[in-house]
Amino acid sequence: MAIRMPRIIQARKILKRSLSNGSTTPASMDIPKGYFAIYVGEQEKKRFVVSVSLLSEPTFQELLHQAEEEFGYNHPMGGLTIPCSEDVFTHLASRLGAF
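Here we summarise the structure given alongside this text. (Residues numbered from 1 in each chain as written. Predicted model: local features only at pLDDT ≥ 70, side-chain atom pairs only at ≥ 80, totals over all residues. Heavy atoms only, no water.)

## Remarks on the packing of aromatic side chains
In this structure the tally under the stated criterion is two aromatic pairs. The interplanar angle of 55 degrees and the centroid separation of 5.2 Å between the aromatic rings of F48 and F89 together place this pair among those described as tilted. Residue F48 is located in strand β2 (residues 46-51), and its partner F89 is located in helix α4 (residues 86-95); the two are separated by 41 residues in the primary sequence. A relative accessible area of 1% places F89 in the buried class. (Phe/Tyr/Trp six-rings, centres within 6.5 Å; stacked < 30°, edge-to-face > 60°. Helix = DSSP H or I, 4+ residues; strand = E, 2+ residues; numbered from the N terminus. Buried < 20%, exposed > 50% of the residue type's maximum accessible area, 1.4 Å probe, protein only.)

So, in structure tokens, the structure goes:
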């Protein structure tokens, strides 16, 4: 558990910075408590709303790390952006019970 803590803290920082850059729009208001929006895709981005429990999963943390390397903390969509194919993300998220 102690080994994963730095990654969880880093994931929370990425999420906080991402959310603090976004504005309060009708799209951001439809997210239920305990969930957050993610934009996924290599070319065209698709929006997903997933459980915050996903932040504690090592596989998802690796995706966040890749997003940090590619986009830094300035996400072009105003939210968290994951640079992988939609198919890969939906498979991973459903396997982890994020939906």
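## Remarks on the pairing of β2
Alignment of strand β1 (residues 35-40) against β2, held across six bridges, turns out to be antiparallel. Looking at β2, one finds that Y39 is bridged to R47. Between the end of β1 and the start of β2, which pair antiparallel, lie five residues, with G41 showing a positive phi angle near 145 degrees. (Pairing = 2+ DSSP bridges.)

## Some thoughts on the nonpolar core
In this structure, I38, V50, F60, I82 and F89 are the most contacted members of the largest nonpolar core, which totals 18 residues. Per-element accounting of this core gives the leading share, four residues, to helix α3 (residues 58-71). (Core = buried A, V, L, I, M, F, W, Y, C linked by side-chain atoms within 4.5 Å.)

## Remarks on the environment of A93
Here A93 shows up in helix α4. Overall, A93 belongs to the buried group, its relative accessible area being 1%. For the pair A93 and F60, spaced 33 residues apart in sequence, the C-alpha to C-alpha distance is 8.4 Å.

## A closer look at the environment of Y35
Here Y35 lies in strand β1. Looking at Y35, the relative accessible area reads 36%, which means it is partly exposed. Counting along the chain gives 14 residues from Y35 to V49, while the straight-line C-alpha distance between them is 6.3 Å. In contact with Y35, not counting residues within four places along its chain, are V49, V50, S51, V52 and A98. (Contact = heavy atoms within 4.5 Å.)

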